[in-house]
Every structure is written in structure tokens, then in C-alpha cells.
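Structural description and commentary
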Amino acid sequence: GNGTIEITFDAYEGDTENRTAEFLVIGETTNFTVVLTQMKSPTTIAEIYPQITSTSSSTFSVNLKEPAVVTYVNGNNAFIEDKTGGILYYNKSHGLKVGDRISGVVEGTGKDYSKLIEILSITNDPKVESGAAPEYPEVTLADILDNYDRYMSCVVKIKGIKVTDVFSNSDRNVKFTQEGKNIALVSDAGTPGISDPRC
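Keep in mind that what you see is a predicted model, and the values were worked out from it rather than measured. Counting restarts for each chain: residues are numbered from 1 in the order of the written sequence. For this predicted model, a pLDDT threshold of at least 70 governs which residues receive local features, and a threshold of 80 or more governs which side-chain atom pairs are given and counted, while totals over whole chains, interfaces and linings are taken from all residues. Neither water nor hydrogens contribute to the side-chain values; these are computed over all heavy atoms in the structure.

1. Details of the overall build of the protein
Along the protein, the regular secondary structure elements total 2 helices and 13 strands. Only protein chains enter the area calculation, which uses a 1.4 Å probe; residues under 20% of their type maximum are buried, those over 50% are exposed, and those in between are partly exposed. Buried positions account for 34% of the 199 residues belonging to the protein. In the protein, the proportion of contacts linking residues at least 24 apart, taken out of those at least 6 apart, comes to 47%. When the accessible surface of the protein is totalled, it reaches about 12,000 Å², and 48% of it is carbon and sulfur. Helix numbers and strand numbers start at the N terminus; a helix is a DSSP run of H or I with at least 4 residues, a strand a run of E with at least 2. Residues count as neighbours in contact if any of their non-hydrogen atoms are within 4.5 Å of one another. Accessible surface is estimated by sampling points in the Shrake-Rupley manner with a 1.4 Å probe; for residues, cover comes only from the protein chains shown.

Right under this line is the structure:
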């Protein structure tokens, strides 16, 4: 016969894990399992970082509390940021545009690329809405050096820097200086330090 299964999750702020309920449905000729999942409390881009621990590939899952904004797109690269940090989506078919807002559940795989967390695939279909291009925070090299973990994964604007050295054409390393502070970037692309944000 027919029947109804009901389950109620008492949601509360601060859930740190998904909660599931599993039912075995017994039929006349076959049995099957139904699994219901309540996603953990909404989280942030920064919550992805500890989930991706491998240089090959790790899975991650977040339920974005606020929309994350696409701040930079260059070919296969798309930077996605919220107030807590940024992450690089490296996929030739990502289809994102600067200003796009991504919200809801985002699940997929990623890897640690020289301490820059990189998404390789998104396995579900999160909500994406178009929006205006964001304003980039203006910082100095001193700001970056003082808070490197914060700025290494975000798109920023730096004025008044000079290129002082290109160390090696094969490695495509370049050094910038500003008011006595120096920073070196390593790019995967052909133009030193500027055509690929994975630095």
C-alpha cells in the first residue's frame, strides 16, 4: 500500500555537520533506502580552506551564508570572494563573469596549489545571479606582507608599484617594490606575474 514518511529536523544556528535520516522502504518485490539530509548552518568561503588539504584533490561542501562575488575572470581562472576570503575556480568551462553572485550549497573538488586553495570542479548547481562589478580594496605591499594569508586569496588594487627584477624567463618570476617593501610573484603564464592570478 501507500504510506507517508515524515521527519522534522530542529534547525539551530551553529550546526557544524550535515544531519541525515535513513529509512528502509520495504516493498512487495524489492526494498530500497531513502536518505534525507539537512545541510549544516550557512558558512563562508573561508570554511572551504580546511576541507581542502591535498595537493591532488579533496572534496568540499559549503552552504554560503551570503552570496560570494566573482571578482576576477581570466580565461580558465575565476576568483570567487566573500568577506572572509577568496578561492580560485580553475576550470575552462566555468562560465562565470565578473560580478556574478553565487549563493546556496556549493559542493565539489579542489586542491592546495602552493597554499592558494583552488576549486577544480563544482558538482552541484548553485544559485548564480548577475551583478555589478565589485570595488577592489586598495592596499599597499606593506599591507599584503603584514597580512599575507588574508590577501593571497583576494583580488586587490595596488598603486605605485615598480617592477625591479625579472629573475628568470623560464620560471617567469618577477619582483615588485613599493616604498622599500618587496614582493615576488611566480606566474604559470607567459607574462611575468600579471596574466595568471595563481601567484
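2. Some details on the side chain of Ser103
Summarising the element assignment, Ser103 is placed in strand E6 (residues 101-113). Once residues within four sequence positions are removed from consideration, Ser103 is found in contact with Leu64, Pro67, Pro126 and Lys127.

3. Things to note about the pairing of E6
Along any regular strand the residues' side chains alternate between the sheet's two faces. In this scheme, strands are said to pair when DSSP sees at least two bridges between them. Pairing between strand E3 (residues 58-74) and E6: 9 bridges, direction antiparallel. In the strand pairing of E6, Thr59 is matched with Thr109. Pairing between E6 and strand E8 (residues 127-129): 3 bridges, direction antiparallel. Its bridge partner being in E8, Ile102 is matched across the sheet by Val128. Remark: 2 residues form the turn of the hairpin made by E6 and strand E7 (residues 116-122), two consecutive strands paired antiparallel; Ser114 in that turn has positive phi of roughly 50°.

4. Thoughts on the pattern of salt bridges
Basic side-chain nitrogens of Lys or Arg form a salt bridge, by our definition, when they fall within 4 Å of a carboxyl oxygen of Asp or Glu. By the definition in use, this model includes 3 salt bridges. With its nearest N and O atoms 3.7 Å apart, the salt bridge here joins Glu129 to Lys127.

5. Comments concerning unusual backbone geometry
For residues besides glycine, phi is generally negative; the peptide bonds are generally trans as well. One non-glycine residue with positive phi stands out, namely Glu179, at about 50°. One can find Glu179 in the loop between strand E12 (173-178) and strand E13 (181-186).

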